[in-house]
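The residues making up each chain are set out below.
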Amino acid sequence: MAEPESGAGREETAAVDGQRLPTLGVLVSGRGSNLRAILDAIERGELPARVSIVISSRAGVPALDIAAAHGIPARVIAPRDYPSRAEEGAAIVAALRGAGVNLVVLAGFARIFDPCVVRAYPYRILNIHPSLLPAFAGGMAPKPQADALAAGVKLSGCTVHFVTDEVDAGPIIAQAAVPVLDDDTVERLAERILAAEHQLLPTAIRHVLEGHPRIEGKRVLFDQE
Ligand code: GRF
């Protein structure tokens, strides 16, 4: 049985108003609706955590406006500004560490990490993917949704998993299923999956922070309540 040496939720940082809250860093590239779902869950008191930094791989995207509207510090770390993926990765790690982050959430982040990022945060990086993995892995939205529709599956959904060096193949933390309807278009299916993502991601983050996950092979097991 392998247990991450410093599992998510083990470390707590940053006293806020006398409370010690787990500190999240959220990585984005575009629309930012999952970032908004995280911030809304925190504001409703459903996710006891704080977001100390938003990092975007692209400038001028709506996710950065969402961060600003919530008063969250944001950084753009764009690939073209770095001579190599390793240097881009090192900049991401430095920004996360500088912001005291102990759990990283990829919420529509359109980059594949250099391994140095995964090494810096072992089993402390979560990703959300718009399919029921391992089906329809790889590719950014709406490719996984389009692939599911074309394959004729009757159920699709979303997956939150730990990030490892293999794309979309890390241990699965949580999944939610939605039906594929006869009159679905890619857009309609993507919208139904997105609504499920907004519920699943904050819940999965809370589960990781509070549930003392341990990894057995590809399985993520949580303490029984
Ligand atoms: C979501 O469908 C997510 O699963 C995928 O990219 C999309 C991001 O959407 N990884 P948003 O930027 O959170 O609105």
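Scroll up to find the structure this text is about.
Described below are features of the structure shown in this document. (Residues numbered from 1 in each chain as written. Predicted model: local features only at pLDDT ≥ 70, side-chain atom pairs only at ≥ 80, totals over all residues. Heavy atoms only, no water.)

**Quick look at the packing of aromatic side chains**
Aromatic ring pairs are defined here through the distance separating the ring centres and the angle between the ring planes.
Thinking step 1. Within the structure shown, the criterion is met by two aromatic pairs.
Thinking step 2. Arranged with centres 5.5 Å apart and planes meeting at 40°, the rings of Phe109 and Phe113 form a pair that is tilted. A single burial state applies to Phe109 and to Phe113, both of which are buried.
Thinking step 3. Note on Tyr123 and Phe162: the rings are 5.7 Å apart at their centroids and 85° apart in plane angle, and the pair reads as edge-to-face. On the criterion of sequence distance, the pair formed by Tyr123 in the loop between α4 (115-120) and β7 (125-129) and Phe162 in strand β8 (residues 155-162) is long-range, its members being 39 residues apart. (Phe/Tyr/Trp six-rings, centres within 6.5 Å; stacked < 30°, edge-to-face > 60°. Buried < 20%, exposed > 50% of the residue type's maximum accessible area, 1.4 Å probe, protein only. Helix = DSSP H or I, 4+ residues; strand = E, 2+ residues; numbered from the N terminus.)

**A look at the site of the ligand**
Thinking step 1. Around the ligand, the structure places Arg31, Gly32, Ser33, Asn34, Gly108, Ile128, His129, Pro130, Met140, Ala141 and Glu197.
Thinking step 2. Between the ligand and the protein, one listed contact pairs an oxygen atom with a side-chain N or O atom of Ser33 at 2.5 Å.
Thinking step 3. The contact in question runs from an oxygen atom of the ligand to an N or O atom on the backbone of Asn34, over 2.9 Å.
Thinking step 4. Going through the elements one at a time, α1 (33-43) and β7 are the ones with two or more residues in the shell around the ligand.
Thinking step 5. For the shell around the ligand, a count of residues per class yields four nonpolar, five polar and two charged. (Near = heavy atom within 4 Å. Polar contact = N/O pair within 3.5 Å; in protein donor to acceptor, adjacent residues only side chain to side chain. Nonpolar A, V, L, I, M, F, W, Y, C, P; charged D, E, K, R; others polar.)

**Digging into helix α5 (residues 143-151)**
Thinking step 1. If you check which residues of α5 are buried, you get Pro144, Gln145 and Ala148. Considered in projection along α5, the buried side chains sweep an arc of 100° and stay on one side of the axis.
Thinking step 2. Among the structural elements, β7, β8 and α6 (186-210) are those in contact with the buried residues of α5.
Thinking step 3. Directly beyond the C-terminal end of α5, a positive phi value near 80° is found at Gly152. (Arc of directions from axis to C-beta. Contact = heavy atoms within 4.5 Å.)

**Quick look at α1**
Thinking step 1. Buried residues of α1: Ser33, Asn34, Leu35, Ala37, Ile38, Leu39 and Ala41, and no others.
Thinking step 2. The elements touched by buried residues of α1 are β3 (23-28), β4 (50-56), α2 (62-69), β6 (103-106), β7 and α6.
Thinking step 3. Backbone geometry just downstream of α1 places Gly45 in the positive-phi region, at approximately 80°.

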